[in-house]
Amino acid sequence: MTRGSRPFRPIRARTAAVAAVTATALFVSLTGCGDPGDGSARTASRPSPEPSPAWRTDPASVAALGDSITVGFDACSVLSDCPAVSWATGTDPKVNSVARRLVKDPATHSWNFARTGALIRDLPGQVDQAVRKRPELVTVLVGANDACRAEVGAMTSEAAFRADFEASLRKLRRALPKTQVYVAAVPDLMRLWSQGRQNQLGKQIWKLGICGSMLRDPDDLSKAADTRRQSVRDRVRAYNKALESVCAKDALCRFDRSVFDFRFTGAELSAWDWFHPGREGQRELAEMAFREITRKGS
């Protein structure tokens, strides 16, 4: 049917066409609020990432994990632990431990679960003890015994060391997601040899079997002896690299390389074995740890 010379469009068809045009315009107005290629609509619907947890410089409780260094072995008397001078939780004012500096009541809010002779494989068990106390800060200093073996071949492998540390941190994080972790580097055992060998009494004591992989035959400067000592130092460096890289994946973990870099002398060593830190060495460890724990920023 025609009206004049133009075809007549039924009302229903015109209504449908208008509705289609309106719907198209509405869709464009909702999705085209920016350059179609700039992804602004997708970005607007994407949730903002949660901020990383902030490191607190004033934890109210401390649990210490590790080996003989952290329990003050040979720092007060021969072949004895002396936790009172521990760099982490000790009560000796001359050492001025991390707990003394940070915790209001160290007697009730600091705990030392380190054990003389402990290896990295013992760390998960110490974590189990620590989580029961729910500390706000956990300190870790372990690894010297893994390198200090009778022979170089008996040292803990880098892969096993990394795996045990990863397991320990994972276990701690599952139980205590907000607890902070301070990880001290394994000390430089090569420097221990270079400083201690200057003391005749110390060299006699080393003959009893202390850290044979590094300290055996301290006056032997042959190529073979140098290669042996360098192997131990390389393994310690590998341990520290593992500690640092695993710790870096956790926003509430800080690795402190300064413990490896510290240029200690005989004055910081135990007069009983020329191997463990004495009181002065414990004081230096406490100072380094406190500086890193209270450092501002990430």
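It should be emphasised that the depicted structure is a prediction, and the values quoted were computed from it without experimental measurement.

1. A few points about the environment of Thr 179
Within the secondary structure layout, Thr 179 lies in the loop between α7 (158-175) and β6 (180-184). Here Thr 179 falls in the buried class, since its relative accessible area comes to 4%. Taking the C-alpha atoms as reference points, Thr 179 and Pro 135, separated by 44 residues in sequence, lie 6.7 Å from one another. With residues near it in sequence (within four places) discarded, Thr 179 still touches Pro 135, Glu 136, Leu 137, Val 138, Arg 173 and Leu 252.

2. What about a nonpolar patch on the surface?
A contiguous nonpolar patch, built from Val 78, Leu 79 and Trp 272 and spanning about 320 Å² of accessible area, is present on the exposed surface. As for its position among the elements, Val 78 is in the loop between β3 (62-66) and α3 (98-102).

3. Let's talk about the sheet that holds strand β4 (residues 110-112)
The 5 strands are arranged β4-β3-β5-β6-β7 in an open sheet whose pairing can be described as parallel. The strands lining the two open edges of the sheet, one partner per strand, are β4 and β7 (253-256). Pairwise comparison of adjacent strand axes, ignoring direction, gives a mean angle of 15° for this sheet. The pairing of β3 with β4 spans 3 bridges and is classified as parallel. If you follow Val 62 over to β4, its bridge partner there is Ser 110.

4. Considerations on the side chain of Asn 145
Relative to the helices and strands, Asn 145 is located in helix α6 (residues 144-147). Of note is the side chain of Asn 145, whose polar atom sits 2.9 Å from the backbone oxygen of Ala 118. Once residues within four sequence positions are removed from consideration, Asn 145 is found in contact with Asp 67, Gly 117, Ala 118 and Leu 119.

5. Structural notes on the environment of Asp 128
Mapped onto the elements of the fold, Asp 128 is located in helix α5 (residues 123-131). A sequence separation of 40 residues divides Asp 128 from Ser 168, and the C-alpha atoms of the two residues are 9.0 Å apart.

6. Notes on the state of the cysteines
The tally for this structure, following the rule as stated, stands at 3 disulfides. Linked covalently through their sulfurs, Cys 76 and Cys 82 form a disulfide whose S-S length is 1.9 Å. Across the S-S bond of Cys 76 and Cys 82 the torsion is about -70°, and the bridge reads as left-handed. Classification of Cys 76 by relative accessible area gives partly exposed; the value is 26%.

7. What to know about the pairing of β6
Counted residue by residue, β6 has 5 buried out of 5 residues, so it is predominantly covered. Neither face of β6 is open: one carries Gln 180, Tyr 182 and Ala 184, the other Val 181 and Val 183, and all of them are buried. Judged from the 4 bridges that link them, strand β5 (residues 137-141) and β6 form a sheet pairing that is parallel. Looking at β6, one finds that Leu 137 is bridged to Gln 180.

8. A look at the packing of helix α8 (residues 189-196) against helix α11 (residues 223-248)
Packed helices, taken two at a time, are described by the angle their axes make and the gap between the axes. In the contact formed by α8 and α11, the axes pass within 8 Å of each other and the chain directions differ by 135°. Here α11 runs oblique to α8, going by the angle between their axes. Mapping the contact onto sequence places Leu 189, Met 190 and Trp 193 in α8 and Arg 229, Gln 230, Val 232, Arg 233 and Val 236 in α11. Of the residues assigned to the contact of α8 with α11, the class counts are 5 nonpolar, 1 polar and 2 charged.

9. Things to note about helix α13 (residues 279-293)
In this model α13 runs 21 Å from its N-terminal to its C-terminal C-alpha over 15 residues, within 8% of the 21 Å that 1.5 Å per residue would give. Among all positions of α13, only Gly 281, Gln 282, Glu 284, Leu 285, Ala 286, Met 288, Ala 289, Glu 292 and Ile 293 are buried. Next to the buried residues of α13 lie α3, β5, β6, β7 and α12 (258-261).

10. Focus: the nonpolar core
Trp 87, Val 183, Leu 189 and Leu 215 are the most contacted members of the largest nonpolar core, which totals 73 residues. With 7 residues, the top contributor of residues to this core is α11. With residues up to four places along the chain from it excluded, the contact list for Val 183 reads Val 140, Phe 165, Leu 243, Cys 247, Cys 253, Arg 254, Phe 255 and Asp 256.

11. Things to note about the packing of aromatic side chains
Tallied over the entire structure, the rule returns 3 aromatic pairs. The lysine or arginine in question, Arg 191, covers the ring of Phe 264, its NZ or CZ lying 5.9 Å from the ring centre.

12. Here we look at α5
Among all positions of α5, only Leu 123, Pro 124, Gln 126, Val 127, Ala 130 and Val 131 are buried. All buried residues of α5 lie within an arc of 155° about the axis, which places them on one face of the element. Summarising the contacts, the buried residues of α5 are in contact with β3, β5 and α7.

Quick notes on the rules
Residues numbered from 1 in each chain as written. Predicted model: local features only at pLDDT ≥ 70, side-chain atom pairs only at ≥ 80, totals over all residues. Heavy atoms only, no water. Helix = DSSP H or I, 4+ residues; strand = E, 2+ residues; numbered from the N terminus. Buried < 20%, exposed > 50% of the residue type's maximum accessible area, 1.4 Å probe, protein only. Contact = heavy atoms within 4.5 Å. Patch = residues over 30% accessible without salt bridge, like charges linked within 9 Å, V, L, I, M, F, W, Y side chains within 5 Å. Areas by Shrake-Rupley, 256 points an atom, 1.4 Å probe, with all protein chains shown as cover. Salt bridge = Lys/Arg side-chain N within 4 Å of Asp/Glu carboxyl O. Pairing = 2+ DSSP bridges. Axes fitted to C-alpha atoms, helices over the stretch in contact; angles between N-to-C directions. Polar contact = N/O pair within 3.5 Å; in protein donor to acceptor, adjacent residues only side chain to side chain. Disulfide = S-S within 2.5 Å. Parallel < 35°, antiparallel > 145°, perpendicular 65-115°, else oblique. Nonpolar A, V, L, I, M, F, W, Y, C, P; charged D, E, K, R; others polar. Expected span 1.5 Å × (residues − 1). Core = buried A, V, L, I, M, F, W, Y, C linked by side-chain atoms within 4.5 Å. Phe/Tyr/Trp six-rings, centres within 6.5 Å; stacked < 30°, edge-to-face > 60°. Lys NZ or Arg CZ within 6 Å of the ring centre and 35° of its normal. Arc of directions from axis to C-beta.

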